Amino acid sequence: MRLDLPRWFDLHTHFRQGSGTAHYIADHLAMGCAGVLAMPNTRPPVSRISGPTTEQAWSIESYRAQLLNAGADAFEQLIVPLYLTHDTDADMITRGVSSGLLRAAKYYPPHGTTNSEHGVPMTEWIGSDVLRAMEDLGVILCIHGEQHGLRGPDYFDRNQTAESLFYTETMPRLVEKHPTLKIVCEHITTASAATFVRSAFDHVAATITPQHLMFTIGHLVQGLRYHLYCLPLVKFDADRSELREAVLSARQSKFFAGTDSAPHTDKLTECACAAGCYTGGCAPQLYASAFEQAGADLSTATGQDAFSRFLCTNGPAFYGFPASEKRFALRREPSHPLPFSVEGKEVVPLPHGLGFDLDWSITIDD
Ligand code: DOR
Ligand code: ZN
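Basis of the calculations
- Residues numbered from 1 in each chain as written.
- Chains lettered and ligands numbered in written order.
- Predicted model: local features only at pLDDT ≥ 70, side-chain atom pairs only at ≥ 80, totals over all residues.
- Heavy atoms only, no water.
- 1 Å grid on protein atoms, 1.4 Å probe; cavity = no way out; pocket = protein on both sides within 12 Å on 5 of 7 lines; lining within 4 Å.
- Points joined across faces, edges and corners; volume = space filled by probe spheres on them.
- Buried < 20%, exposed > 50% of the residue type's maximum accessible area, 1.4 Å probe, protein only.
- Helix = DSSP H or I, 4+ residues; strand = E, 2+ residues; numbered from the N terminus.
- Arc of directions from axis to C-beta.
- Contact = heavy atoms within 4.5 Å.
- Pairing = 2+ DSSP bridges.
- Axes fitted to C-alpha atoms, helices over the stretch in contact; angles between N-to-C directions.
- Donors = N, O, S within 2.8 Å, 3.2 Å for Na, K, Ca; no water.
- Parallel < 35°, antiparallel > 145°, perpendicular 65-115°, else oblique.
- Left-handed = near helix turned anticlockwise from the far one by under 90°.
- Near = heavy atom within 4 Å.
- Polar contact = N/O pair within 3.5 Å; in protein donor to acceptor, adjacent residues only side chain to side chain.
- Areas by Shrake-Rupley, 256 points an atom, 1.4 Å probe, with all protein chains shown as cover.
- Sits in = over half its atoms within 2 Å of the grid points.
- Nonpolar A, V, L, I, M, F, W, Y, C, P; charged D, E, K, R; others polar.

Novice: Give a description of empty space enclosed by the protein that names residues and reports values.
Specialist: For the coordinates displayed, the defined rule picks out three cavities of 30 Å³ or more. Approximately 110 Å³ is the volume attributed to the largest cavity. Surrounding the largest cavity, 16 residues form its lining, H14, N41, T113, T114 and D260 being those nearest its centre.

Below, the structure written as structure tokens:
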């Protein structure tokens, strides 16, 4: 079987900084990716609009320039959101929009995930001039939706997780105060988040990663397969079912691809594990398998329509840019992405880390 598709968009990925960036970008191009939103949780963070890089911050302008230099000029779209920190003010939003550099801003829960220590709690943003300016000027708010600072039993339990708490308690307050703010709920993992997004206004959407459509917490803890450790954590089967239903629902326009591909050169530390799954080079193959596991028949028009909406067209429509006119194809033929070295350390793609082969391969005809 062969699926011919428009080139797709990854509206949530991590290209980092330094010598690995060119490899990560090349992996994205090699999987038929036409454009990306490259996350700002770099070191230092992307927390200014323009100007040179300093010890404290990249600017969107300077970070984009380093990505373009490392091969990202081949993308049709390159969005870098502004990291919302204590330094962000409404004037920065206005200037950012007039300069054409600011299209989105990212909320990180303080200390909730990789390089998120510059984040400011959502309760401080709700009702702020910054979010009002974003709302007025159409800047998209990308949200890492997990309640931060919780103790173990509140962080992850059968009936409640940091994410479900965020979507049942915090998000309703956010959308009530900012009813016209465009929001992308990033890498959602729970039934609570999926339900919130489905019942919210049309200008509230979500990205979903391949791993959250494919795996559950059982896959992670059985053998402690740490390559599957990312944040938010993979969840329960009932959560995965809701995510699958969301992406397969007829003519849906709210859910789209955002891999959260997150390379780590030091995945295991002495007493912890860095959060993030690297899916550069293999994300469409994983998404195709995930859709099939969810019950989609990709040989039919209905299955292909659902897949293409999710991977190729819903994201551009939400962000307000055209879908790609170029094409790529998925062939049902096994492949196996291999680890590679960055600065003498290994980055391990998710399928290799979990010891399985991909069912699909990519063809790009120029
Ligand atoms: O698993 C994750 N990895 N989740 C995030 O929110 C950040 C990302 C990273 O940057 O490594
Ligand atoms: Zn991310």
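There's plenty left to go through after this.
Novice: Can you explain helix 1 (residues 21-30)? Please cite residues and give values.
Specialist: Along an α-helix, a turn takes 3.6 residues, which lines up residues three or four apart on a common side. Turning to helix 1, its buried residues are T21, Y24, I25, D27 and H28. The arc that holds every buried residue of helix 1, seen down its axis, measures 155 degrees, which confines them to one face. Against the buried residues of helix 1 lie strand 2 (8-13), strand 3 (33-38), helix 2 (60-69), strand 14 (340-342) and strand 15 (345-347). Positive phi appears at G32, one or two residues downstream of helix 1, with a value of about 75 degrees.

Novice: Describe the sheet that holds strand 9 (residues 140-143), with residues and values.
Specialist: The strand order across the open sheet built from six strands is 7-8-9-10-11-12, with neighbouring strands paired in parallel fashion. Looking at the sheet topology across the chains shown, the edges are occupied by strand 7 (82-83) and strand 12 (255-257). Examined bridge by bridge, strand 8 (residues 104-107) and strand 9 share four bridges and lie parallel to one another. Bridged to A104 within strand 9 is I140. Sitting on the sheet, helix 13 (residues 301-319) touches strand 8, strand 9, strand 10 (183-185), strand 11 (204-208) and strand 12, and the angle it makes with strand 12 is about 110 degrees.

Novice: Give a detailed account of the sheet that holds strand 13 (residues 327-331), specifying residues and quantitative values.
Specialist: Judged by pairing direction, the sheet is antiparallel, and its three strands sit side by side in the order 1-13-16 without closing on themselves. Edge strands, defined here as strands with exactly one partner in the open sheet, are strand 1 (2-6) and strand 16 (361-363). For this sheet the average axis-to-axis angle between neighbouring strands, irrespective of direction, equals 25 degrees. As paired elements, strand 13 and strand 16 share three bridges and run antiparallel to each other. By the bridge assignment for strand 16, L330 is matched with I362.

Novice: For the coordination of the zinc ion (ligand 2), give the residues involved together with the corresponding values.
Specialist: Distances from the zinc ion (ligand 2) to its protein donors, H12 (NE2), H14 (NE2) and D260 (OD), fall at 2.0 to 2.1 Å. Each donor residue of the zinc ion (ligand 2) lies on the same chain, and together they follow the pattern H-x1-H-x245-D. Within this pair, whereas H14 is found in the loop between strand 2 and helix 1, its partner D260 is found in the loop between strand 12 and helix 12 (283-293), the two being separated by 246 residues in sequence. Here H14 matches D260 in class, with each residue buried.

Novice: Residues and numbers for the packing of helix 3 (residues 90-99) against helix 5 (residues 129-137), please.
Specialist: Taken N-terminus to C-terminus, the directions of helix 3 and helix 5 make an angle of 25 degrees; their axes are 8 Å apart at the nearest point. The angle between helix 3 and helix 5 falls in the class roughly parallel. Of the two elements, helix 3 crosses helix 5, and the hand of that crossing is right-handed. On helix 5, the residues that touch A90, I93, T94 and V97 of helix 3 are D129, V130, A133, M134 and L137.

Novice: So what about the site of ligand 1? Which residues, and what values?
Specialist: In the vicinity of ligand 1 there are 14 residues, among which R16, N41, T113, L231 and H264 approach most closely. Between ligand 1 and N41, the relevant distance is 2.8 Å, taken from an oxygen atom to a side-chain nitrogen or oxygen of the residue. In this structure, an oxygen atom belonging to ligand 1 sits 3.2 Å away from a side-chain N or O atom of H144. Considered on its own, ligand 1 offers 290 Å² of accessible surface; in the complex 100% of this is hidden by protein. Structurally, ligand 1 is housed in the largest cavity. Of the residues contributing to the shell around ligand 1, the split by class is four nonpolar, eight polar and two charged.

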